[in-house]
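# Structural overview for review
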Amino acid sequence: MILKILGSVSPYPNRNSNCIGYLLYDANYKILLDCGNGITKLMKFPNDLENLTIIISHLHKDHYGDLSAIAYASYVYHNLGVLNTKIKVYIPKDSALEDYKYLMNYGNENYMDFYVYDEKDCITIYDISIHFSQTKHSIKTYAMSIIKQNLKISYSSDMGYDENMTPFFKDSDIFICEASFLKNQKNGNRNHLSAIEAATIAKKSNVKKLILTHFWPEIDKEEYLNEAKNVFENVDVAIDNTEYAL
């Protein structure tokens, strides 16, 4: 399995980084965890559309902004006879959100099937199981745990500090965790983590490797890295277009 970083900043992309998105793939499947603004620049069309499953952690646009581009690309490539399998898109169940209503009635110009999920669900794709745990955030949001045999990859999505999440992330081989703030910027925010808080959760969860993400676009990523290393040594910052062989 390969993990490819497609985007790592929020709330907007800049010249060097896209908004949030992570692609897991091998010869049999492609799983896209979120698809924020700009991530399609690093996807290989039409190949990355075949056997693709998209899982949206929550309905903030920095996590699904490029879904419309993927939708229209799927429509065009299917009409050209190139795309043969519908893209599966999973969205958190929350009928109160206007974005939810919009996406679930996306129109005819796509070659996709839409599904909803919540915390009790498990999605199975080939030999992979994907589990969910709701995080502390401003809207309904789900962290994800992706398990393939003895390999475990966890993704925090957006979350405030919550040590009750550590059992969900426990013993992950890779933990992709948001670090929206540096310590001196957090200013009481309960919906996001600082780099040092992400590192603390990684340490308490006994993960093997931490990948920090969800940075402010104008701040040097090295600042997040240096702050996290005060608590947890085996840490990288997410760099767009970087791949990890797992």
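In short, a report on the structure.

Conventions used here
- The residue count restarts for each chain, going from 1 along the sequence in the order it is written.
- For a predicted model such as this one, the threshold for reporting local features is a pLDDT of at least 70, and the threshold for listing and counting side-chain atom pairs is 80 or more; totals across whole chains, interfaces and linings nevertheless cover every residue.
- The side-chain values count all of the structure's non-hydrogen atoms but skip hydrogen atoms and water molecules.
- With a 1.4 Å probe rolled over the protein chains alone, any residue whose accessible area is under 20% of its type maximum counts as buried; one over 50% counts as exposed, and the rest are partly exposed.
- We count a stretch as a helix when DSSP gives it H or I for four or more residues in a row; a strand needs E for two or more, and each element gets its number in order from the N terminus.
- The arc refers to the directions leading from the helix axis to the C-beta atoms.
- In this analysis, two residues are considered to be in contact whenever any of their non-hydrogen atoms come within 4.5 Å of each other.
- For the purposes of these results, a polar contact is taken to be a pair of N or O atoms within 3.5 Å, where, inside protein, one atom must be able to donate a hydrogen and its partner to accept one; residues adjacent in sequence count only when each atom of the pair is a side-chain atom.
- A pair of strands is considered paired only if DSSP assigns at least 2 bridges between the two.
- Every axis in this analysis is a line fitted to C-alpha atoms, fitted for helices over the stretch in contact. Angles between the N-to-C directions lie between 0 and 180 degrees.

## What about helix 5 (residues 221-228)?
One full turn of an α-helix is made of 3.6 residues, so residues set three or four places apart face in the same direction. Among the residues of helix 5, Lys221, Tyr224, Leu225, Glu227 and Ala228 are the ones counted as buried. Down the axis, helix 5 shows its buried residues gathered within 165° of arc, on one side only. Residues of helix 5 that are buried in the fold lie against helix 4 (195-204), strand 12 (210-213) and strand 13 (235-237). Between the side-chain oxygen at the start of helix 5 and the backbone nitrogen of glutamate 222 there is a gap of 2.9 Å, and the oxygen is on aspartate 220.

## Thoughts on the sheet that holds strand 3 (residues 30-35)
One open sheet accounts for seven strands, arranged 6-5-4-3-2-1-14; its pairing is mixed. Each having just a single partner strand, strand 6 (112-117) and strand 14 (243-245) make up the two edges of the open sheet. Strand after strand, the sheet turns through a mean of 20° between neighbouring axes, direction not considered. By the bridge criterion, six bridges tie strand 5 (residues 87-92) to strand 6 in an arrangement that is parallel. Opposite tyrosine 90, over in strand 6, you have tyrosine 115 as the bridge partner. In this fold helix 1 (residues 67-79) packs onto strand 3, strand 4 (52-55), strand 5 and strand 6, with an angle of close to 140° to the strand it touches most, strand 6.

## Notes on unusual backbone geometry
For the bond from serine 10 to proline 11, the omega torsion is 10°, close enough to zero to count as cis. For proline 11, the position within the fold is in the loop between strand 1 (2-7) and strand 2 (21-25). Residues other than glycine seldom take positive phi values, yet aspartate 34 does so here, at roughly 65°. In this fold, aspartate 34 is placed in strand 3. For aspartate 34, a relative accessible area of 0% puts it in the buried group. Notably, histidine 214 is not glycine yet its phi reads approximately 65°, a positive angle. With respect to the secondary-structure elements, histidine 214 resides in the loop between strand 12 and helix 5. When its relative accessible area of 5% is taken as the criterion, histidine 214 is described as buried.

## Some points on the sheet that holds strand 10 (residues 151-155)
Strand order in the open sheet formed by seven strands is 7-8-9-10-11-12-13, and the pairing between neighbours is mixed. Looking at the sheet topology across the chains shown, the edges are occupied by strand 7 (122-125) and strand 13. Pairs of neighbouring strands in the sheet enclose a mean axial angle of 20°, with direction left out of account. The sheet contact formed by strand 8 (residues 128-134) and strand 9 (residues 142-148) spans seven bridges and is antiparallel. Across the sheet, isoleucine 130 pairs through a bridge with isoleucine 146, a residue of strand 9.

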